[in-house]
Every structure is written in structure tokens, then in C-alpha cells.
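Fold and geometry: a report
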Amino acid sequence: MTRHTKYQSRFAAAVLAASAFFPATVRAADCDLAAGAKLFQDQQCAGCHTFVPDDFDKSGPNLHGVVGRKAGTANFGGYSDALKKTGITWDSAALDRWITNPAAVAPGTAMPFAGLPDAQARATLVCYLTEKSR
Ligand code: HEC
């Protein structure tokens, strides 16, 4: 090994060590509400759901206050027995599972949604739902 390459590899090691202390990928755990709103539109959730309190004029249950609520207990006539008998209380983990594959959570569900396989997109959407449901 020549002197030159030895210095180069020392430099490379120093850069690696520095980037381990300051990883470029670390971000605040804040919700990206704009990205969440876009997903809520693009994934068609908005066609069937609203967060507007006391607005029941949609083909899916109102999501105002959904976090912390028991599944199938909003003022909505179209619930399936499948969802009601799950006994779920909606939190981030349950919502994530639901959006991954509703039919796996409640076989026979009335929600016609195939599922969102992208975990990062689901995290953004669940964060948005949690904020908007307040
Ligand atoms: C075509 C209409 C439709 C679409 C699209 C849709 N939903 Fe639903 N959603 C429903 C229906 C109907 C139910 C009730 C399901 C049941 O009772 O089995 C439901 C149930 C839910 C529930 C449970 C609510 C409760 O009161 O227990 C959540 C949360 C939810 N949907 C979120 C979403 C999200 C997020 C999306 C988009 C990724 C979405 N939905 C897409 C119609 C829809």
C-alpha cells in the first residue's frame, strides 16, 4: 500500500465515522399532514369517509374521533357484523393492520379496500388519521 492510498483510506474511515454520528436519514417523527391528506385522497378514503363531526352523508363511517373508539360504533348503518365482532379499539397499530388488509382483520368486511402494502405510506396515513380524528 502506498502512502497516498493509506491517507485516502484514513480519510474515508473518518468520513464514515462522522456520518455514523450524523446520519442523514434521521428525521423528526412529525406527521407529514400534506402527504397524509394526499394519500387519503389518492387511496380513495375520502370518497367514503369524512372527519366532519355529525356528517353522516357518506358510504363509510365518519372518522371523527375514530382513534380510541371501538370498531363499528359510529352512527353508521352500513357496518358489517364482521367488523363489529372484532372488538378492536382503534389505535395506531390497529389502524395500520386495517389499512394493510381490511379483509384479513375482519373477513367479510363491508369496506372494499384491497390494502396499502407500502409501510411508509401507511405510517404517514395513520399519523394523518390520528391528527384529523381529534
Ligand atoms: C368504497 C368505500 C370505502 C373506501 C374507499 C374506504 N373505506 Fe373505510 N370503511 C368503509 C366502510 C363501508 C366501512 C365499514 C366496514 C365494516 O363495517 O365492515 C369502513 C370502515 C373504516 C374504518 C373503521 C371505522 C369504525 O368506525 O370502526 C376505518 C378506520 C376506515 N374505514 C378507514 C379507511 C381508510 C384510511 C381508507 C383509505 C385507505 C378507507 N377507509 C377506504 C368504506 C370505505
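What counts and how
Residues numbered from 1 in each chain as written. Predicted model: local features only at pLDDT ≥ 70, side-chain atom pairs only at ≥ 80, totals over all residues. Heavy atoms only, no water. Helix = DSSP H or I, 4+ residues; strand = E, 2+ residues; numbered from the N terminus. Buried < 20%, exposed > 50% of the residue type's maximum accessible area, 1.4 Å probe, protein only. Contact = heavy atoms within 4.5 Å. Areas by Shrake-Rupley, 256 points an atom, 1.4 Å probe, with all protein chains shown as cover. Donors = N, O, S within 2.8 Å, 3.2 Å for Na, K, Ca; no water. Tetrahedral: all angles 85-135°; square planar, octahedral: opposite > 155°, others 65-115°. Axes fitted to C-alpha atoms, helices over the stretch in contact; angles between N-to-C directions. Parallel < 35°, antiparallel > 145°, perpendicular 65-115°, else oblique. Nonpolar A, V, L, I, M, F, W, Y, C, P; charged D, E, K, R; others polar. Disulfide = S-S within 2.5 Å. Near = heavy atom within 4 Å. Polar contact = N/O pair within 3.5 Å; in protein donor to acceptor, adjacent residues only side chain to side chain.

Thoughts on the overall build of the chain
Within the chain, the regular secondary structure consists of 7 helices and 0 strands. Secondary structure elements of the chain, listed N to C terminal, follow the sequence α-α-α-α-α-α-α. By residue count, 32% of the 134 residues in the chain fall in the buried class. Considering only intrachain contacts with a sequence separation of at least 6, the fraction spanning at least 24 residues in the chain is 37%. Carbon and sulfur atoms make up 58% of the accessible area of the chain, which amounts to about 8800 Å² in all.

Some thoughts on the coordination of the iron atom of the ligand
Taken together, H49 (NE2) and M111 (SD) make up the protein donors of the iron atom of the ligand, found 2.0 to 2.1 Å from the metal. Coordination at the iron atom of the ligand comes from 6 donor atoms whose angles at the metal span 87 to 178°, giving a geometry best classed as octahedral. Residue H49 is found in the loop between α3 (45-48) and α4 (81-84), and its partner M111 is found in the loop between α6 (102-105) and α7 (119-132); the two are separated by 62 residues along the sequence.

Comments concerning the packing of helix α2 (residues 33-42) against α7
Interaxial distance between α2 and α7 falls to 8 Å at its minimum, and their mutual angle equals 100°. When the axes of α2 and α7 are compared, the pair comes out roughly perpendicular. Only A121, T124, L125, Y128, L129 and E131 of α7 make contact with α2, whose side of the interface consists of L33, A35, G36, A37, L39 and F40. A breakdown of the residues in the contact of α2 with α7 according to their chemical character gives 9 nonpolar, 2 polar and 1 charged.

Some thoughts on the side chain of S80
Structurally, S80 can be placed in the loop between α3 and α4. Beyond its immediate sequence surroundings of up to four residues, S80 is in contact with G108, T109 and A110.

Digging into the state of the cysteines
Across all of its chains, the model carries 1 disulfide by this definition. Between the sulfur atoms of C31 and its disulfide partner C127 the distance amounts to 2.0 Å. Of this pair, C31 sits in the loop between α1 (3-21) and α2 while C127 sits in helix α7, and the two are 96 residues apart along the sequence. The class of C127 is partly exposed, set by a relative accessible area of 26%.

Points about the site of the ligand
Around the ligand there are 26 residues in total, and C45, C48, H49, Y79 and M111 lie nearest to it. Within the side chain of W98, one N or O atom sits 3.4 Å away from a nitrogen atom of the ligand. Taking T109, its side chain carries an N or O atom lying 2.7 Å from an oxygen atom of the ligand. Only α3, α5 (92-100) and α7 provide two or more residues apiece to the shell around the ligand. Per element, the largest residue contribution to the shell around the ligand is 3 residues, and it comes from α5. Its residues assigned to classes, the shell around the ligand shows 17 nonpolar, 8 polar and 1 charged.

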